Amino acid sequence: MKIAIMPNLSKHNAQFHTLKVVDTLQKFGAEVCMRSNLKGRFANSSIAFYDDFDRMMSDCDAVIAVGGDGTIIHCSRHAAAAEKPILGINVGRLGFVAGLETDELDKLEKLVDGSYTVERRMMLEVQLENNGKLETYFALNDAVIARGALSRILDLTVHFNDKNVCEYRADGLIISTPTGSTAYSLSAGGPVIDPSVSCILLSPICPHSLLTRPVIFGPDAKLSVTASSNYGSEIFLTVDGDTFIQVADNQKINFYRSDRMVRIIKLKDDNFYEVVNEKLAERRN
């Protein structure tokens, strides 16, 4: 079995834990590969290094991301595009989408043996026209439309299947998947949604109304959102926290359920609700 490891070495102790992951996988008989720009950090390990990222993704059987939620989500998009399953190993704070903690590496034997299950997670497809070209982005967690540096409220209009369904005056709007319901949307007052459910969640950010609530749409909903500011404030679209696009006043942004799916590797018997309770308890502490 060939496993591609994608670590975020900016995380504290990430290199140390990545070396442990490499050693554990090789002990169980797996072949390990990485991008060639990491060769200097792992020069003494028996790792196959690839100059061509797409070739590495094509050759591997599974992907392991070593980092926090942001790292795992970023790597998940690449894994989904290559139709490879992914396992996240948490070296961050919460690790909602991580499958293992760093003290559970012995469970990697199940991965090498093929004794694991796969949980399919829906993704969002985000489309907008930019300089006359249609641009498409994919999100596992969420896409956020929000104001820029100036503290100016936005007027947001949401269309559902080409019909106007709701309007908000707010700092912004979060459009999330069930996976993303435990991220920014949760902090904005949105519900926790089991990732086995397919739906699209809208959560306003600091709405200027006592009656405004999050809205859950079905999986086949086609949503479009426009945002405008009466004060000339900048408006940004952020996809999964790592892609930023400045949008114009009243520029239409479309949101759909993507045909792509992220395949999360599960090596433990815990269920979603156990993970949420455990992670939220960590957040309270």
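Residues numbered from 1 in each chain as written. Predicted model: local features only at pLDDT ≥ 70, side-chain atom pairs only at ≥ 80, totals over all residues. Heavy atoms only, no water.

(A) Focus on the overall build of the protein chain. On a plain count of helices and strands, the protein chain comes out with 6 helices and 18 strands. The C-alpha radius of gyration of the protein chain comes to 20 Å, within 12% of the 19 Å expected for a compact globule of 285 residues. Burial statistics for the protein chain: of 285 residues in total, 51% are counted as buried. For the protein chain, the proportion of contacts with a sequence separation of at least 24, taken over those separated by at least 6, is 65%. A gap of 2 Å separates the mean positions of the 31 positive and 36 negative side-chain charges of the protein chain. (Helix = DSSP H or I, 4+ residues; strand = E, 2+ residues; numbered from the N terminus. Rg over C-alpha atoms; globule rule 2.2 N^0.38 Å. Buried < 20%, exposed > 50% of the residue type's maximum accessible area, 1.4 Å probe, protein only. Contact = heavy atoms within 4.5 Å. Lys, Arg positive; Asp, Glu negative; His and termini not counted. Charge placed at Lys NZ, Arg CZ, Asp CG, Glu CD.)

(B) Geometry of unusual backbone geometry. The phi angle at Glu83 is positive, at roughly 60°, despite the residue not being glycine. At Cys206, a position not held by glycine, the phi torsion is positive, near 50°. Here Cys206 lies in the loop between β13 (200-205) and β14 (215-217). A relative accessible area of 54% places Cys206 in the exposed class.

(C) Here's a closer look at the pattern of salt bridges. Scanning the entire structure with this criterion turns up 10 salt bridges. For Asp220, the salt bridge goes to Arg257, with nearest N and O atoms at 2.7 Å. On the criterion of sequence distance, the pair formed by Asp220 in the loop between β14 and β15 (223-228) and Arg257 in strand β18 (residues 253-266) is long-range, its members being 37 residues apart. Of the charged contacts, one joins Lys266 and Asp270 as a salt bridge, the two residues approaching to 3.4 Å between their closest N and O atoms. Judged by relative accessible area, which is 23%, Asp270 ranks as partly exposed. Sharing partners across several salt bridges, the network here consists of Arg77, Asp240 and Asp242. (Salt bridge = Lys/Arg side-chain N within 4 Å of Asp/Glu carboxyl O.)

(D) Seen up close, the environment of Ala4. Considering the arrangement of structural elements, one finds Ala4 in strand β1 (residues 2-7). Not counting residues within four places of it along the chain, the set of residues in contact with Ala4 comprises Cys33, Met56, Cys60, Ala62, Val63 and Ile64.

(E) Layout of the pairing of strand β2 (residues 31-35). For β1 and β2, the ladder comprises 3 bridges, and the chain directions are parallel. Pairing of Ala4 across the sheet is with Cys33, part of β2. Handedness of the β-α-β unit built from β1, helix α1 (residues 14-27) and β2 comes out right-handed. Across 3 bridges, β2 lies against strand β3 (residues 48-50) in parallel orientation. Counterpart to Cys33 in the pairing with β3 is Ala48. (Pairing = 2+ DSSP bridges. Right-handed = clockwise from strand over helix to strand, strands pointing away.)

(F) Broad picture of the sheet that holds strand β16 (residues 235-239). Ordered by their spatial adjacency, 6 strands build an open sheet running β14-β13-β12-β9-β16-β17, and the pairing between neighbours is antiparallel. At either end of the open sheet lies a strand with only one pairing partner, and these are β14 and β17 (243-247). When the angles between neighbouring strand axes are averaged without regard to direction, this sheet yields 20°. Bridge count for strand β9 (residues 142-147) against β16 is 5 bridges, and the pairing is antiparallel. Paired with Val144 across the bridge in β16 is Thr238. (Axes fitted to C-alpha atoms, helices over the stretch in contact; angles between N-to-C directions.)

(G) Geometry of helix α3 (residues 69-82). With 14 residues, α3 extends 20 Å from end C-alpha to end C-alpha; this agrees with the ideal 20 Å at 1.5 Å per step. Those residues of α3 lying buried are Thr71, Ile72, Ile73, Cys75, Ser76, Arg77, Ala79 and Ala80. A positive phi of about 60° marks Glu83, the residue just after α3. (Expected span 1.5 Å × (residues − 1).)

(H) View of the packing of aromatic side chains. All chains considered together, the criterion is met by 1 aromatic pair. With a centroid separation of 5.3 Å and an interplanar angle of 35°, the aromatic rings of Phe160 and Phe217 are classed as tilted. Taken as a pair, Phe160 in strand β10 (residues 154-160) and Phe217 in strand β14 lie far apart in primary sequence, 57 residues in all. The exposure class assigned to Phe160 is partly exposed, which follows from its relative accessible area of 28%. In this structure, Arg260 is placed above the aromatic ring of Phe138, and the distance from its NZ or CZ to the ring centre is 4.0 Å. (Phe/Tyr/Trp six-rings, centres within 6.5 Å; stacked < 30°, edge-to-face > 60°. Lys NZ or Arg CZ within 6 Å of the ring centre and 35° of its normal.)

(I) Region of interest: the pairing of β1. The buried count for β1 comes to 6 of 6 residues, which makes it a mostly enclosed element. Burial of β1 is two-sided: the residues Lys2, Ala4 and Met6 facing one way and the residues Ile3, Ile5 and Pro7 facing the other way are all buried.

(J) Structural view of the nonpolar core. Counting residues in each nonpolar core, the largest one holds 30 residues, and the members touching the most others are Ile145, Leu156, Leu237 and Phe255. For this core, the element with the most residues is strand β7 (residues 117-130), which contributes 4 residues. When sequence neighbours within four positions are dropped, the list of residues in contact with Leu156 reads Ile145, Cys166, Glu167, Tyr168, Ala170, Gly172, Leu173, Val225, Thr226 and Ala227. (Core = buried A, V, L, I, M, F, W, Y, C linked by side-chain atoms within 4.5 Å.)

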